[in-house]
Amino acid sequence: LYAGEPMLVVYGTRAGKARTAALEKLAEAIAFRCHPGATATNNRSMIYGGFPIKPDHEVRGQDQKEYNLVIVGGPDENALAAKYWEKLPVRHPDQSIEIDGLDPLPRKGSALSFLHYNPSATQRLIYCVDTGGLETSEIARRTKSPGGLLPGMSLSNPISTPDLMVARGDTLLR
């Protein structure tokens, strides 16, 4: 996921206190473990810190121009995800996940992760981690090993990172 470009991890604050706390912990786990030395089994943190983290309401236009963004939380949870959602190839009608050109998948119990150009700064990328289909307790569990929500984060070869993933439990659907 990380290939040397400036990166900012943004967690959502729109879904209540407990959910926001879980999303913040997940953002911290991503920020400190999203590097080539981490693996699915060793889960090592970066030695000298991590990527910067901000809540959605603190992200400014300049941040969007300077950083590739990892957006933690879907449009119901993260104001930045909500801002971009209509410009992305993903929808949530009737509690399903619809991706342009694919059959719908159930949203409940699923996490959706995908890469897209930033609609507000097309020279930058966004990586959305839509946790809206997960229970808060499942988000908390995922903070121990966030690689299941960010494919390729635990691999030493960033080229293997897929553009889109839907996971239910520990099963990869796409």
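As the structure is a computational prediction, the values presented were derived from the model and not from experiment.

(A) Structural detail: the overall build of the protein chain. Along its length, the protein chain carries four helices and 10 strands. Each helix and strand of the protein chain, ordered N terminal to C terminal, gives the series β-α-β-α-β-α-β-β-β-β-β-α-β-β. A separation threshold of at least 6 residues defines the contact pool for the protein chain, and within that pool the share at least 24 residues apart is 62%. Carbon and sulfur atoms make up 53% of the accessible area of the protein chain, which amounts to about 8,500 Å² in all.

(B) Up close: the nonpolar core. Judged by nonpolar contacts, the single largest core of 19 residues is most densely connected at Val9, Ile30, Val70, Val72, Leu149 and Leu150. Mapped onto this core, the elements with two or more residues apiece are β1 (7-11), α1 (17-33), β3 (68-72) and β8 (121-130). Counting residues in each nonpolar core, the second largest holds 18 residues, with Val10, Val59, Ile97 and Leu105 among its members.

(C) Region of the structure containing the packing of aromatic side chains. A full pass over the atoms with the stated rule returns one aromatic pair. On the basis of an interplanar angle of 65° and a centroid distance of 5.8 Å, the ring pair of Trp85 and Phe114 is categorised as edge-to-face. With Trp85 in helix α3 (residues 79-85) and Phe114 in strand β7 (residues 110-118), the pair connects residues that are 29 residues apart, well separated along the chain. A residue is classified by how much of its surface remains accessible, and Trp85, at 6% relative accessible area, is buried.

(D) Focus on the pairing of β1. Most of β1 sits out of view: five of its five residues are buried. Taking every second residue as pointing to the same face, both faces of β1 are buried, with Met7, Val9 and Tyr11 on one and Leu8 and Val10 on the other. Here three bridges tie β1 to strand β2 (residues 53-55), and the two strands are oriented parallel to one another. In the sheet register, Val9 faces β2, and the bridge partner there is Ile53.

(E) Seen up close, the pattern of salt bridges. Scanning the model with the defined rule gives six salt bridges in all. Note that Glu5 and Arg124 form a salt bridge whose closest N and O atoms lie 2.7 Å from each other. In this pair, Glu5 sits in the segment before β1 while Arg124 sits in strand β8, placing the two residues 119 residues apart along the sequence. Here Arg141 makes a salt bridge to Glu138, at a shortest N to O gap of 2.8 Å. Here Arg141 pairs with Glu138, and both are found in helix α4 (residues 136-142), just three residues apart, close to one helical turn. We classify Arg141 as partly exposed; its relative accessible area is 38%.

(F) How the structure looks around the side chain of Thr20. With respect to the helices, strands and loops of the structure, Thr20 is situated in helix α1. In this structure the side chain of Thr20 is engaged in a polar contact, spanning 2.8 Å, whose partner is the backbone oxygen of Gly16. Ignoring anything within four residues of it in the chain, the contact list for Thr20 reads Tyr11, Gly12, Thr13, Arg14 and Ala15.

Rules used throughout
Residues numbered from 1 in each chain as written. Predicted model: local features only at pLDDT ≥ 70, side-chain atom pairs only at ≥ 80, totals over all residues. Heavy atoms only, no water. Helix = DSSP H or I, 4+ residues; strand = E, 2+ residues; numbered from the N terminus. Contact = heavy atoms within 4.5 Å. Areas by Shrake-Rupley, 256 points an atom, 1.4 Å probe, with all protein chains shown as cover. Core = buried A, V, L, I, M, F, W, Y, C linked by side-chain atoms within 4.5 Å. Buried < 20%, exposed > 50% of the residue type's maximum accessible area, 1.4 Å probe, protein only. Phe/Tyr/Trp six-rings, centres within 6.5 Å; stacked < 30°, edge-to-face > 60°. Pairing = 2+ DSSP bridges. Salt bridge = Lys/Arg side-chain N within 4 Å of Asp/Glu carboxyl O. Polar contact = N/O pair within 3.5 Å; in protein donor to acceptor, adjacent residues only side chain to side chain.

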